[in-house]
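Residue-level structural notes
Each chain, written out:
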Amino acid sequence: MKEYLKKYWTLRKHNFKVGLKKAKRSKMCYLFLLPYAVIFFMFVILPVISSIFLSFTYYNVLETPRFIGLDNYFNLILQDDIFITGVKNTLMIAIITGPLGYLASFLFAWLINELPRWLRTIAIVVFYAPSIAGTLINIFSTVIFRGDQYGWINGFLIEAGFIDAPILWLSNPKYMLWICMIVILWQSLGTGFLAFVASLQNVDRAYYEAGYIDGIKNRWQELWWITLPNMKPTLMFGAVMTITNSFGVSAIPMALCGYPSTDYAARTIVTHLYDYGITRFEMGYASAIATILFFMMILCNKAIQSLIRRVGT
Amino acid sequence: MSKVKVEKETQHKLKLLKRRKPNRSRVGDFFVYLFLVLMAIAMAFPLVFSINSALKPLDELFKVPPTIFALNPTLDNFADLFVTMGKSWVPFSRYIFNTVFITVVGTAGHLIIASMAAFVVAKYDFPGCKTFFAISVTSLMFTGMVTQIPNYVIINALGWIDTYYAIIIPAFASTTGFYFMKQFMEGLPTALIEAAKIDGANEWRLFIGIVMPNVKPAWLTMIIYSVQGLWNNPASMYIYSEERKLLVYALNQVLAGGIARTGQGAAVSVIIMIVPVLTFILSESQILETMASSGLKD
């Protein structure tokens, strides 16, 4: 055992020395990284760390935080039924809209990529429009899914004879979550989509030609064997963006179904966080929610990254 | 006999290769276009609707159910908006200048600083680089809402409250842009960088002369992310003085007038979109295949 520890330490020391030497050699790298790292540390890392610290306190924004250990977490998991509803809804939304939105982003980016240049620009603008026009989602509640018979969906269903009375799409817990998902999907061509559009352009054309000579017959084979493996880094980026968006859903349910929503049927984790952090000023509790969400996303990310590594093999 | 056949086949293939997409079927193309057109209509609908709303006279705006297209399009809403804006005691152009200023400076700084960091993280191997990258990706997963208060405390400690530093400097380190850039640069052929190194280019030359021109699609996309974020940032937490307020904030103040401002509200939602959409169109139309890998043979 002692022998083993000794060996381990020598190895560590050696590695450290090698690292130091390498670090000295790559001074330029650190210089390049420095401005970003400093700002990043100050405005991203520091706030995140202090939020995680706040999650162990009672903090009402005005008074100094009071340390209360793990109480916030116990309360959240054991006593807060609404939080559990929120977790369920969030997982439901994430599991359905996440993969679908991700696939849609890629599919559209890929199809658009083959259009002639001017048409491609128009197509990208049109498909990205829902993300630019984020504030326009209220037309879903005031026009399309309106609860009275003037709503388009209700009107259509009544005309066609499927229902005889209008359905309150956005306040009936049976439908709320599904309507939210439709709108989320409609808005899902965002950051990831643009990233895909850009990186599809950077796949070397020579690969396609070589692939063709080597007997790739149709667009699907080309996609799986050439395009996807060449885009792996961007695929991972898109996945992370999808995870943060689909676990962080809150704006759309709040805008469509109201806040708080009937029976908390459209409550998500972040809506819950908003409730405690912004409405009730219980920042400690809200930070605990954020920390739990944080670890959920990290787990999900680990799983997905290992999936993407297998693409094209 | 068979040799001739093979030669003929190869020639045929090479001829086909000259066309843009050798391995595509016509039927497939047709369905792809049909599908795209149908989806495009669904996607563009809210945009069309909101532009039409801005053109509607008030009586049409209050109609239930609303019509999609304006029946009697007018520019009254825009004219009203300009009248209201003219009454603000800070000249309206000041708001526009403020927003343009923070958007331009913030985007430019972000582009340079984040790309520099992304470049070394993607293409060099130095102690700590993997850890740094892992931390930055992980940090993306923390919800922004609860970090607002620590952020405020930090900015206050720096004495940046009510200055543009509070908006511009944090925007420099936007993690999304950095992460995207790093992932994109990973796709750059290492041979390209090594060749330049052998030719005696130092890191700075390499970065400016070789890497950046080759990842043009990436930084055009980064510009879109950044402009969209900064332009729509009301910065209501950090900016108090009227003459430093941003356009979005000022326009939201107009909307606070309630029902009487319905028409102007419709106009505002169109006006706010103009600049992001224009940047978007400009940069997307510039995204073209770069020469990064073409001409490189391993």
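Placed above this text is the structure.
Structure report, in brief. Just so it is clear, the structure is predicted and the values come from calculations on it, not from any experiment.

About the thresholds
Residues numbered from 1 in each chain as written. Chains lettered and ligands numbered in written order. Predicted model: local features only at pLDDT ≥ 70, side-chain atom pairs only at ≥ 80, totals over all residues. Heavy atoms only, no water. Helix = DSSP H or I, 4+ residues; strand = E, 2+ residues; numbered from the N terminus. Buried < 20%, exposed > 50% of the residue type's maximum accessible area, 1.4 Å probe, protein only. Polar contact = N/O pair within 3.5 Å; in protein donor to acceptor, adjacent residues only side chain to side chain. Contact = heavy atoms within 4.5 Å. Buried area = accessible area lost by both parts, 1.4 Å probe. Salt bridge = Lys/Arg side-chain N within 4 Å of Asp/Glu carboxyl O. Nonpolar A, V, L, I, M, F, W, Y, C, P; charged D, E, K, R; others polar. Axes fitted to C-alpha atoms, helices over the stretch in contact; angles between N-to-C directions. Left-handed = near helix turned anticlockwise from the far one by under 90°. Expected span 1.5 Å × (residues − 1).

Residues and elements named next belong to chain A. Within the fold, Asn60 resides in the loop between strand S1 (57-58) and strand S2 (66-67). Classification of Asn60 as buried rests on a relative accessible area of 19%. Within polar-contact distance, the side chain of Asn60 engages the side chain of Glu63 at 2.9 Å.

Taken residue by residue, the interface counts 96 residues in chain A and 100 residues in chain B. Where chain A abuts chain B, roughly 8800 Å² becomes buried across the two surfaces, and 75% of that area is made up of carbon and sulfur atoms. The largest contributions to the chain A side of the interface with chain B come from Phe32, Tyr36 and Tyr212 of chain A, which together make up 10% of the buried area. For the pair chain A and chain B, the interface holds one salt bridge. Its salt-bridge partner being Lys22 of chain A, residue Asp125 of chain B comes within 3.5 Å of it at the nearest N-O pair. On the surface where chain A and chain B come into contact, there are seven residue pairs in polar contact (both at pLDDT 80 or more). By residue number, the principal contributor to the side of chain A that touches chain B is helix H2 (residues 27-54) of chain A, which donates 20 residues. Partitioned by chemical class, the residues of the side of chain A that touches chain B number 68 nonpolar, 17 polar and 11 charged.

This brings us to unusual backbone geometry. Residues and elements named next belong to chain A. With a phi angle near 75°, Val61 is a residue other than glycine that sits in the positive phi range. The residue Val61 is located in the loop between S1 and S2 in this model. A relative accessible area of 26% places Val61 in the partly exposed class. If you check the backbone angles, Tyr264 has positive phi at about 55° while not being a glycine. Among the structural elements, Tyr264 can be located in the loop between helix H13 (251-257) and helix H14 (269-279).

This part is about the packing of helix H4 (residues 81-112) of chain A against helix H12 (residues 232-247) of chain A. Residues and elements named next belong to chain A. Across the interface, H4 lies against H12 with an axial gap of 9 Å and an inter-helix angle of 145°. The handedness of the crossing between H4 and H12 is right-handed. Touching Thr90, Leu91, Ile93, Ala94, Thr97, Gly98, Tyr102 and Phe106 of H4 are Leu235, Gly238, Ala239, Thr242, Ser246 and Phe247, all from H12. Looking at side-chain class alone, the contact of H4 with H12 contains eight nonpolar, six polar and no charged residues.

A separate point is helix H11 (residues 219-230) of chain A. Helix length check: H11 of chain A (12 residues) gives 15 Å between terminal C-alpha atoms against 16 Å at 1.5 Å per residue, within 8%. Listed in full, the buried residues belonging to H11 of chain A are Arg219, Glu222, Leu223, Ile226, Thr227 and Leu228 of chain A. Each element contacted by the buried residues of H11 of chain A is listed here: H4, helix H9 (191-200), helix H10 (205-213) and H12 of chain A together with helix H2 (26-55) of chain B.

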